[in-house]
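Chain and residue survey
Take a look at the letters that make up each chain.
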Amino acid sequence: MQRLHITLGDITHCTTDAIVNAANTSLLGGGGVDGAIHRAAGPALLEECRKLGGCPTGQVKATQAYRLPCRFGIHTPGPIWHGGTANEDTLLSDCYRNSLIAAAALGCRTVAFPSISTGVYRFPVHRAANIAVSTIRSYLRTHPEMQQVTIVCFDQTTFSAYQTALSESEYNDAEKR
Ligand code: ADP
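Computed from a prediction, not measured in an experiment: that's the story for all the values here.

What counts and what doesn't
- Residues numbered from 1 in each chain as written.
- Predicted model: local features only at pLDDT ≥ 70, side-chain atom pairs only at ≥ 80, totals over all residues.
- Heavy atoms only, no water.
- Near = heavy atom within 4 Å.
- Polar contact = N/O pair within 3.5 Å; in protein donor to acceptor, adjacent residues only side chain to side chain.
- Areas by Shrake-Rupley, 256 points an atom, 1.4 Å probe, with all protein chains shown as cover.
- 1 Å grid on protein atoms, 1.4 Å probe; cavity = no way out; pocket = protein on both sides within 12 Å on 5 of 7 lines; lining within 4 Å.
- Sits in = over half its atoms within 2 Å of the grid points.
- Helix = DSSP H or I, 4+ residues; strand = E, 2+ residues; numbered from the N terminus.
- Nonpolar A, V, L, I, M, F, W, Y, C, P; charged D, E, K, R; others polar.
- Salt bridge = Lys/Arg side-chain N within 4 Å of Asp/Glu carboxyl O.
- Buried < 20%, exposed > 50% of the residue type's maximum accessible area, 1.4 Å probe, protein only.

1. A closer look at the site of the ligand
Surrounding the ligand, one finds 16 residues, the nearest of these being Asp-10, Val-33, Ser-117, Gly-119 and Val-120. At 3.5 Å from an oxygen atom of the ligand is found a main-chain nitrogen or oxygen belonging to Thr-118. At 3.1 Å from an oxygen atom of the ligand is found a main-chain nitrogen or oxygen belonging to Tyr-121. Look at the ligand: alone it shows 560 Å² of surface, and the protein chains cover 90% of it. According to the grid-proximity analysis, the pocket containing the ligand is the largest pocket. No other element matches the three residues that helix H1 (residues 32–41) contributes to the shell around the ligand. Its residues assigned to classes, the shell around the ligand shows eight nonpolar, six polar and two charged.

Printed below as a string of structure tokens:
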């Protein structure tokens with residue numbers, strides 16, 4: 001059964017156990033998906049985030065979900081794109097893997113991600129999609145208890161990039177067998 005799904009929509013509507021927020025290192029809210037998550041969760045999320053003391057790029061901090069329809073928020077600052085020479089690929093992969101590790105530690109079986117770093121942080125979307133898909137698929141291979149991971153894309157271009165990355169990754173795996 002396929003356990004990684006790509007969908008088009010608004011992550012704040014996801015009823016998964018956890019949703020991941022593409023945060024910034026202050027964890028004090030921002031624009032894009034971060035702003036949408038804070039608006040949907042309500043002011044209590046910012047109150048909890050204020051106590052967390054920020055978060056380094058690629059690492060994660062978990063919170064309650066407040067008015068969101070999920071159980072937990074996992075906040076991870078993605079890397080800002082500087083042209084590819086500032087460890088961006090590894091840091092982006094860290095965001096996905098560390099979010100899954102944190103969600104699993106909280107007992108989550110279903111997790112939704114946005115397209116981390118490809119908005120204001122300008123990470124090229126095809127490159128980001130390949131990193132996201134390969135990191136999540138490699139985690140799922142060794143963690144059968146994680147039932148479903150969804151990447152929720154907000155626009156058609158992003159959706160197509162992640163669909164392509166997923167089909168290519170599945171095709172390459174089939175070729176190896
Ligand atoms: P970053 O700073 O990590 O680049 P952004 O929030 O600017 O984060 O963008 C990351 C992605 O999240 C972009 O593709 C953007 O279109 C998307 N996005 C914005 N709002 C939502 C939402 N409500 N649900 C899902 N994705 C969203």
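Next comes the rest of the account.
2. Points about the pattern of salt bridges
Inspection of the entire model under this criterion finds seven salt bridges. The salt bridge partner of Asp-94 is Arg-97, with a shortest N-O separation of 2.7 Å. Residue Asp-94 and its partner Arg-97 are both found in helix H3 (residues 88–105); the two are separated by three residues, about one turn of the helix. When its relative accessible area of 15% is taken as the criterion, Asp-94 is described as buried. Arg-97 sits in the partly exposed class, given a relative accessible area of 32%. With a shortest N-O distance of 3.0 Å, Arg-137 and Asp-173 are connected by a salt bridge. One end of the pair, Arg-137, is in helix H4 (residues 125–142); the other, Asp-173, is in helix H5 (residues 156–176), with 36 residues separating them in the sequence. Side by side, Arg-137 and Asp-173 carry an identical accessibility label, which is buried. What you see here is one network of salt bridges that share partners, running through Arg-137, Arg-141, Asp-173 and Lys-176.

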